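Chains, contacts and geometry: an overview
The residues making up each chain are set out below.
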Amino acid sequence: INGKPLDASDIKNLADAKEEIRMLRRFAKEAEKKNKEYERKSSMLSATRSSSYRKVKEARPAVRAQPSDRNFSKTVIPKSDQVRNLIYHSIKQNILFRTCSEEELQDLIDCFDKAEFKADTVVIKQGDEGDLFYVVESGELDISMLGSDDGCSPREYNVGVPYMT
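Residues numbered from 1 in each chain as written. Predicted model: local features only at pLDDT ≥ 70, side-chain atom pairs only at ≥ 80, totals over all residues. Heavy atoms only, no water.

1. As for the packing of aromatic side chains
Convention followed: Planes of paired rings set the category: under 30 degrees apart is stacked, over 60 is edge-to-face and the rest tilted, where pairs are Phe, Tyr or Trp rings (Trp by its six-membered ring) whose centres lie within 6.5 Å. A run of H or I in DSSP becomes a helix once it reaches four residues, and a run of E becomes a strand once it reaches two; helices and strands are each numbered from the N terminus. Working definition: with a 1.4 Å probe on protein chains only, accessible area under 20% of the residue-type maximum means buried, over 50% means exposed, and in between means partly exposed.
Counting across every chain of the model gives three aromatic pairs. Note on Phe-97 and Phe-133: the rings are 5.1 Å apart at their centroids and 85 degrees apart in plane angle, and the pair reads as edge-to-face. Taken as a pair, Phe-97 in the loop between α2 (81–91) and α3 (102–111) and Phe-133 in the loop between α3 and β1 (144–148) lie far apart in primary sequence, 36 residues in all. When its relative accessible area of 11% is taken as the criterion, Phe-97 is described as buried. A centroid spacing of 6.3 Å and a plane angle of 85 degrees characterise the contact between Phe-112 and Phe-133, whose relative ring orientation is edge-to-face. Of the two residues, Phe-112 is situated in the loop between α3 and β1 and Phe-133 in the loop between α3 and β1; the sequence distance between them amounts to 21 residues. A relative accessible area of 28% means that Phe-133 is categorised as partly exposed. Put simply, the rings of Phe-97, Phe-112 and Phe-133 pair up and form one aromatic cluster.

2. Comments concerning α2
Our working rule: Only heavy atoms matter for contacts: two residues are in contact if any of them lie within 4.5 Å across the pair.
Of all the residues in α2, the buried ones are Val-83, Arg-84, Leu-86, Ile-87, Tyr-88 and Ile-91. Contacts made by the buried residues of α2 are with α3.

3. Some words on a nonpolar patch on the surface
What counts here: Only residues whose relative accessible area exceeds 30% and that form no salt bridge are eligible for patches; like-charged ones are grouped when within 9 Å, while nonpolar side chains (Val, Leu, Ile, Met, Phe, Trp, Tyr) are grouped when within 5 Å. Every accessible area reported is derived by Shrake-Rupley at a probe size of 1.4 Å, with residue values counting cover from the shown protein chains alone. When a carboxyl oxygen of Asp or Glu is within 4 Å of a side-chain nitrogen of Lys or Arg, the pair counts as a salt bridge.
A contiguous nonpolar patch, built from Phe-117, Ile-124, Leu-132 and Tyr-134 and spanning about 390 Å² of accessible area, is present on the exposed surface. For Tyr-134, the location among the structural elements is in the loop between α3 and β1. Note on Tyr-134: relative accessible area 35%, which makes it partly exposed.

4. Digging into the side chain of Arg-84
Condition: Between N or O atoms, a polar contact is any pair within 3.5 Å; within protein, one atom must be a potential hydrogen donor and the other a potential acceptor, and residues adjacent in sequence are included only when both atoms are from side chains.
Mapping Arg-84 onto the fold places it in helix α2. A polar contact is formed between the side chain of Arg-84 and the side chain of Asp-110, at a distance of 2.8 Å. In this structure, Arg-84 is in contact with Lys-79, Gln-106, Ile-109 and Asp-110, ignoring residues within four places of it in sequence.

5. Overview of the packing of α2 against α3
Put simply, the test is: Note on method: axes are straight lines fitted to C-alpha atoms, helices fitted across the in-contact stretch only, with angles between N-to-C directions ranging 0 to 180 degrees. Our angle categories are set so that under 35 degrees counts as roughly parallel, over 145 as roughly antiparallel, 65 to 115 as roughly perpendicular, and the remainder as oblique. The hand of a helix crossing depends on one turn: near helix anticlockwise from the far one by less than a right angle means left-handed, and clockwise means right-handed. Gly is placed with the polar residues, together with every amino acid not listed as nonpolar (Ala, Val, Leu, Ile, Met, Phe, Trp, Tyr, Cys and Pro) or charged (Asp, Glu, Lys and Arg).
For the pair α2 and α3, interaxial distance at closest approach is 10 Å and the crossing angle is 125 degrees. The orientation of α2 relative to α3 falls into the category oblique. The interaxial crossing formed by α2 with α3 has right-handed handedness. Where α2 approaches α3, its residues Arg-84, Ile-87, Tyr-88 and Ile-91 are matched on the opposing element by Glu-102, Leu-105, Gln-106, Leu-108, Ile-109 and Asp-110. For the contact of α2 with α3, the per-class residue count stands at six nonpolar, one polar and three charged.

6. Some words on the nonpolar core
Threshold: Take the buried Ala, Val, Leu, Ile, Met, Phe, Trp, Tyr and Cys residues and link them wherever side-chain atoms come within 4.5 Å; each set so joined is a nonpolar core.
Val-83, Ile-87, Tyr-88, Ile-91, Phe-97, Cys-100, Leu-105, Ile-109 and Phe-112 form the largest nonpolar core, which has nine residues in total. Elements that contribute at least two residues to this core include exactly α2 and α3. Broken down by element, this core gets its largest block of residues, four residues, from α2.

The values reported here are purely geometric and, on their own, carry no functional implication.
Right under this line is the structure:
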């Protein structure tokens, strides 16, 4: 079909027309098959998502359980309203924090501490344990990850970072 004129001016006789129709029917059948497979996968994904959401809702009380340590004290690191707002908007839509209540988000914001890095410092390396969450307040940060176009040759990709102003 690629490269063929839309007006079918390349068809010169009945045999060409029949061959074109056969090819189009094969193409349509294959497209229909792919569409059904796509719909099947989409419905499975929807079912999986809804069960995942149920699991999150069911798991919520365990996550919200009060600490058993009676000596626990909430950490509050002072910060300006501007910085609180930056952190809030950076974490609110993040998948890690989407199910948090407003109170939980505020508690998380209270715990954020400032970290400064010199130029060319590696903040976190792919494969390292991710035990911190960073929000860039100022400056520039390059994010890259190793991957592969062909499944064999490693290559570094620049991912970018969403900056908020």
